[in-house]
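Listed below, chain by chain, are the residues.
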Amino acid sequence: VRFLFGEPLEGRPDDGPSGDTRQTSEMFGTICKLMEEMKAKNMELDMFLYEDMGRALVAGRQAGLLINVCTALEKRGITPSIEFYNLLLSALPKKGYMQRAATLYERLIARNMANFSTHMIRIEQLMSNGRLEDGIALYKQVHEKIAPTRVSFNILINGYLKNNRLHDALKTLTDFKNAGR
């Protein structure tokens, strides 16, 4: 992270190795050279590179570093893509940052950036963290505008199961089958 932005960024003790830890490999060296050339030419990295980095940080359970990357991008006037924000949204509760996830979700709604995946991530978070009724309410609100999909039915069924509501899960599965999906 420090290499990308040339500044120290806040570390979080639950994120494992710091952003300064460099692993040497042929690929890492190639990426460093490319980034140095781009910086020398005042070129900005494409968002897909930040998205790939975000996926790697999510896989490594390093939500704090992902927050730092997002903050650094925004400080530079770069608006991360909705894919990047969705990665961040999905990572935050896994590290105990439920309030940050709620704030980010509301911010994406206010900016009119949220997409179907954003809503499904938030619904799953609510249902998985003891807020089943809030998740159901959001599910209904989203599906007033967007037709339910296999993904959304699956999220709802899993939410019911995680909250020991087998009858509701079975009813939702029956509704899903009857809808011809």
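In this report, the structure presented in the accompanying data block is examined. None of the values given here were measured: they were computed from a predicted structure.

**A few points about the side chain of S81**
In step 1: Mapped onto the fold, S81 is located in the loop between α4 (63-75) and α5 (82-91).
In step 2: Given the relative accessible area of 15%, S81 is considered buried.
In step 3: A distance of 2.4 Å separates the side chain of S81 from the side chain of E51, its partner in a polar contact.
In step 4: The residues contacting S81, other than those within four sequence positions of it, are M47 and E51.

**What to know about the environment of L173**
In step 1: One can find L173 in helix α10 (residues 166-178).
In step 2: Between the C-alpha atoms of L173 and N154, which are 19 residues apart in sequence, the distance is 8.5 Å.

**Focus: empty space enclosed by the protein**
Left-over empty space is what a probe sized like a water molecule reveals as it rolls over the atoms.
In step 1: Taken as a whole, this structure holds one cavity of 30 Å³ or more when the rule is applied.
In step 2: Lining the largest cavity, in full, are L57, V58, R61, Q62, A63, A91, K94 and K95.
In step 3: Split by residue class, the lining of the largest cavity holds four nonpolar, one polar and three charged.

**Some words on the side chain of S152**
In step 1: Looking at the secondary structure, you find S152 in helix α9 (residues 150-162).
In step 2: At 2.8 Å, the side chain of S152 forms a polar contact with the backbone nitrogen of T149.
In step 3: Beyond its immediate sequence surroundings of up to four residues, S152 is in contact with F116, M120, Y139 and H143.

Basis of the calculations
- Residues numbered from 1 in each chain as written.
- Predicted model: local features only at pLDDT ≥ 70, side-chain atom pairs only at ≥ 80, totals over all residues.
- Heavy atoms only, no water.
- Helix = DSSP H or I, 4+ residues; strand = E, 2+ residues; numbered from the N terminus.
- Buried < 20%, exposed > 50% of the residue type's maximum accessible area, 1.4 Å probe, protein only.
- Polar contact = N/O pair within 3.5 Å; in protein donor to acceptor, adjacent residues only side chain to side chain.
- Contact = heavy atoms within 4.5 Å.
- 1 Å grid on protein atoms, 1.4 Å probe; cavity = no way out; pocket = protein on both sides within 12 Å on 5 of 7 lines; lining within 4 Å.
- Points joined across faces, edges and corners; volume = space filled by probe spheres on them.
- Nonpolar A, V, L, I, M, F, W, Y, C, P; charged D, E, K, R; others polar.

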